[in-house]
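# Fold and contact review
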Amino acid sequence: MTTMDRIIREEARLIILRALGEQIDERLNSELLRVSLETFGIARPRAWVHGELAYLTEMGAVTLVDAGSVKVATLTETGRRHLDRTVAIEGVKRPSRPEA
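Heads up: these notes are all about the structure in this document. (Residues numbered from 1 in each chain as written. Predicted model: local features only at pLDDT ≥ 70, side-chain atom pairs only at ≥ 80, totals over all residues. Heavy atoms only, no water.)

Counting secondary structure elements, the chain contains four helices and three strands. Listing every helix and strand of the chain by position from the N terminus yields α-β-α-α-β-β-α. A globule of 100 residues ought to have a C-alpha radius of gyration of about 13 Å, and the chain, at 13 Å, matches this closely. Projecting the C-alpha coordinates of the chain onto the three principal axes gives extents of approximately 40 × 35 × 25 Å. Classification of the 100 residues of the chain by burial places 36% in the buried group. Accessible surface computed for the chain: about 5,900 Å², of which carbon and sulfur atoms make up 52%. Side-chain charges in the chain split into 15 positive and 15 negative, and the spacing between the mean points of these groups amounts to 3 Å. (Helix = DSSP H or I, 4+ residues; strand = E, 2+ residues; numbered from the N terminus. Rg over C-alpha atoms; globule rule 2.2 N^0.38 Å. Buried < 20%, exposed > 50% of the residue type's maximum accessible area, 1.4 Å probe, protein only. Areas by Shrake-Rupley, 256 points an atom, 1.4 Å probe, with all protein chains shown as cover. Lys, Arg positive; Asp, Glu negative; His and termini not counted. Charge placed at Lys NZ, Arg CZ, Asp CG, Glu CD.)

With that settled, the discussion passes to the pairing of strand β2 (residues 62–67). Looking along a regular strand, one sees the side chains alternate between the two faces of the sheet. As paired strands, β2 and strand β3 (residues 70–75) are joined by six bridges and run antiparallel to one another. Bridge pairing links V65 to V72 in β3. In this antiparallel pair of consecutive strands, β2 and β3, the connection spans two residues, and G68 shows a positive phi of 70 degrees. (Pairing = 2+ DSSP bridges.)

Before going further, it helps to spend a moment on the packing of aromatic side chains. Given two aromatic rings, their pairing is described by the distance between the two centres and the angle made by the two planes. Taken as a whole and judged by the stated rule, the model has zero aromatic pairs. The ring centre of Y55 lies 3.7 Å from the NZ or CZ of R13, which sits over that ring. The residue whose ring lies beneath R44 is W48, and the NZ or CZ to ring-centre distance is 5.4 Å. (Phe/Tyr/Trp six-rings, centres within 6.5 Å; stacked < 30°, edge-to-face > 60°. Lys NZ or Arg CZ within 6 Å of the ring centre and 35° of its normal.)

Glancing now at the side chain of T76. Note on placement: T76 falls in the loop between β3 and α4 (77–83). A polar atom in the side chain of T76 sits 2.9 Å from the backbone oxygen of A61. Here T76 is in contact with G60, A61, V62 and T63, once residues within four sequence places are set aside. (Polar contact = N/O pair within 3.5 Å; in protein donor to acceptor, adjacent residues only side chain to side chain. Contact = heavy atoms within 4.5 Å.)

If you want it as structure tokens, here you go:
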């Protein structure tokens, strides 16, 4: 994996966690997450997003449920703690410190 590929994946994983954290029920499907990533200049197919979601599941940051051709991701307590900067998940970019 190239350095740029690693950086893009780490950034994408943080964007996914943030997008989930912004939802009232902390869940979104993989197609909506793909569109969200595109907004940040990361244009990848849904299968790539599924791979990143699988990684986040392995790390305990999200849970996944199959729903037809998409997967529904839900933020876990570990994922929330990463966003709150109380834990660091390997392979996921650290969120910036909140502005003072």
